[in-house]
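# Examining the three-dimensional arrangement
Now for the letters of each chain:
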Amino acid sequence: RAGLCVLCGLPAAGKSSLARGLRLRLPRRRRWDCALLAYDELILPEAFAPAAPGAAPSGRDPLPSRWKCHRQELLRCLERFLQALASGGPLSAPAGCTEATWKRFVACCQEQGLLSSQAPEAGDCHYLANAAASRPLYFILDDNFYYQSMRYEVYQLARKYSLGFCQVFLECPLEQCLQRNRLRSDPLPDQTIYQMARKIEMPDLENNAWEKNSLILKSSECALEDNLQIIDLLTNALENPVKQNEENTEQKEVDRAICAASTVHQADQTCRRIISQAMKDAKDKNVHPSDMKNLAEELNKLKAEFLEDLRQGSHLKNRICQQNSDPATSVTSSFQYEATTIVNKYILK
């Protein structure tokens, strides 16, 4: 059995202290092996380095994409370890991963006793230590993970290999994070923390099914690694691993929303063209200017009602719709019919 625990929150919120505490306490309290993946230590320094002059087209900052690339390399290293854990085979570098990132990951695993001593004939391959293959193993991922999409990548990994998955989000007042950060030997710029505070996305336990195994805790001076809520969260996630065929409710909702927005946009564009043509026809029929204004208001009000019906999924109620047609076509056909009726009212006035 294995689990992935994501620690997230603002810089200096207390995540690293909690991670180190869990790394020490869990093996003694639960007889689990526990490995800490601290992103700040594993990701190469060049991911944080300023770009060379002229490297960013149109003045755009290339750092997010570079940082994302390094994060994905680290996830590929973790996935390769999980593959070796599942198969009992050797551990070798994944495709598309730089040698430097792989060496850092392997060194991290060796320092934490997850890999056995390498035999000379093994070459670039490594073998898991007996303990890592026999006892439950938790990976604690220590990073800001301020976007839900960052955490969702880890969840997908847990689902792919039927692992436990959970999240601990540490809430800490912005000013306190800034004060703690300034006391560090290598502090981040205040502006970086301000920007992250504006962007950060807390776990949404109600609407995101994949985030149900999450805790949102207040950061304080007490030892959070002794918090029974965290221990219960980790235990529950390990005993109820994510199923490989588990439906991704969150992604389905996102896809459905995108599809609905596209349908409404399509209908809106068509209705606009219908209104434009209707106004032209009315003008050609010498409808009085004051009536033209009223006509435009009526047509736009009608369009708003039809689009709202479409958004609410009630476009079939009290409307003249074509059978066997998509929602956008049904709505625009009905709109065309009623718009023509309104225009004729003014033309025949």
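Figured I'd write up the structure that's included with this text. (Residues numbered from 1 in each chain as written. Predicted model: local features only at pLDDT ≥ 70, side-chain atom pairs only at ≥ 80, totals over all residues. Heavy atoms only, no water.)

### Here we look at the sheet that holds strand β5 (residues 214-218)
Each strand in a sheet pairs with its neighbour through backbone hydrogen bonds, running either in the same direction (parallel) or in the opposite one (antiparallel). So the rule is basically this: By definition, two strands form a pair when at least two bridges between them are found by DSSP. Only runs of H or I of at least four residues qualify as helices and only runs of E of at least two qualify as strands under DSSP, and these elements are numbered from the N terminus. A fitted line through C-alpha atoms represents every axis, and for helices the fit uses only the stretch in contact; the resulting angles, taken between N-to-C directions, go from 0 to 180 degrees.
If you trace the five strands from one edge of the open sheet to the other, you get β2-β3-β1-β4-β5, paired in parallel fashion. In the strand order of this sheet, the two ends are held by β2 (33-38) and β5, each with one partner. Adjacent strand axes in the sheet meet at a mean angle of 20°, parallel and antiparallel pairs treated alike. Here strand β4 (residues 164-171) runs beside β5; their pairing, made up of five bridges, is parallel. Bridge pairing in β5 places Glu171 opposite Lys218.

### Some remarks on the side chain of Lys15
Inclusion rule: The buried label goes to any residue with under 20% of its type's maximum accessible area, the exposed label to any with over 50%, and the partly exposed label to all in between, with areas taken from a 1.4 Å probe on protein chains only. We treat Lys and Arg as the positive residues and Asp and Glu as the negative residues; His and chain ends play no part in the count. For salt bridges, the criterion is a side-chain nitrogen of Lys or Arg within 4 Å of an Asp or Glu carboxyl oxygen. Contacts between residues were defined by any pair of non-hydrogen atoms, one from each residue, lying within 4.5 Å.
Of note, Lys15 is situated in helix α1 (residues 15-30). Despite its burial, Lys15 pairs with no opposite charge; the closest candidate is Asp142, at 5.1 Å N-O. If near-sequence neighbours (up to four positions away) are discounted, Lys15 is found in contact with Leu7, Cys8, Gly9, Leu10, Asp142, Asp143, Asn144 and Leu170.

### Description of the nonpolar core
What counts, and what does not: Nine residue types can take part in a nonpolar core, namely buried Ala, Val, Leu, Ile, Met, Phe, Trp, Tyr and Cys, and a core is a set of them joined through side-chain atoms within 4.5 Å.
Grouped together as the largest cluster of nonpolar side chains are 71 residues, with contacts concentrated most on Leu78, Phe81, Phe139 and Leu234. Not counting chain neighbours up to four residues away, the residues in contact with Leu78 comprise Leu4, Leu37, Phe105, Phe139, Leu141 and Leu157. Counting 23 residues, the second largest nonpolar core, distinct from the first, contains Ala267, Cys271, Ile274 and Val343.

### Let's talk about the packing of helix α7 (residues 174-182) against helix α8 (residues 190-199)
The cut-off we apply is this: In these notes the angle categories are as follows: under 35 degrees is roughly parallel, over 145 is roughly antiparallel, 65 to 115 is roughly perpendicular, and the rest is oblique. A crossing counts as left-handed when the near helix is turned anticlockwise from the far one by less than a right angle, and as right-handed when that turn is clockwise. All amino acids are sorted into three groups, where Ala, Val, Leu, Ile, Met, Phe, Trp, Tyr, Cys and Pro are nonpolar, Asp, Glu, Lys and Arg are charged, and the leftover types, Gly among them, are polar.
Relative to each other, α7 and α8 sit at 150°, their axes nearing to 10 Å. It follows that α7 is roughly antiparallel to α8 by the angle criterion. Considering the relative orientation of α7 and α8, their crossing is right-handed. Every residue of α8 that contacts α7 at Leu174, Glu175, Cys177, Leu178, Asn181 and Arg182 is listed here: Asp190, Ile193, Tyr194 and Ala197. Each residue belonging to the contact of α7 with α8 can be placed in one class, and the counts come to six nonpolar, one polar and three charged.

### Some words on a nonpolar patch on the surface
Put simply, the rule is: A residue counts toward a patch only above 30% relative accessible area and without a salt bridge, and it is joined to like-charged neighbours within 9 Å or, for Val, Leu, Ile, Met, Phe, Trp and Tyr, to nonpolar neighbours within 5 Å. Using the Shrake-Rupley algorithm and a 1.4 Å probe, accessible areas are obtained, with residue cover drawn only from the displayed protein chains.
Residues Met202, Leu205 and Ile216 make up a contiguous nonpolar surface patch of roughly 220 Å² in combined accessible area. Tracing the backbone through its elements, the reader meets Ile216 in strand β5.

### With respect to the pairing of strand β1 (residues 2-9)
For β1, the tally of buried residues reaches eight of eight residues, placing the bulk of the element in the interior. Every second residue of β1 is oriented toward a common face, with Ala2, Leu4, Val6 and Cys8 on one face and Gly3, Cys5, Leu7 and Gly9 on the other, all of them buried. In this sheet, strand β3 (residues 137-142) lies alongside β1 in parallel orientation, the contact comprising six bridges. When the sheet's bridge partners are listed, Cys5 is paired in β3 with Ile140. Pairing between β1 and β4: seven bridges, direction parallel. Looking at β4, one finds that Cys5 is bridged to Cys166.

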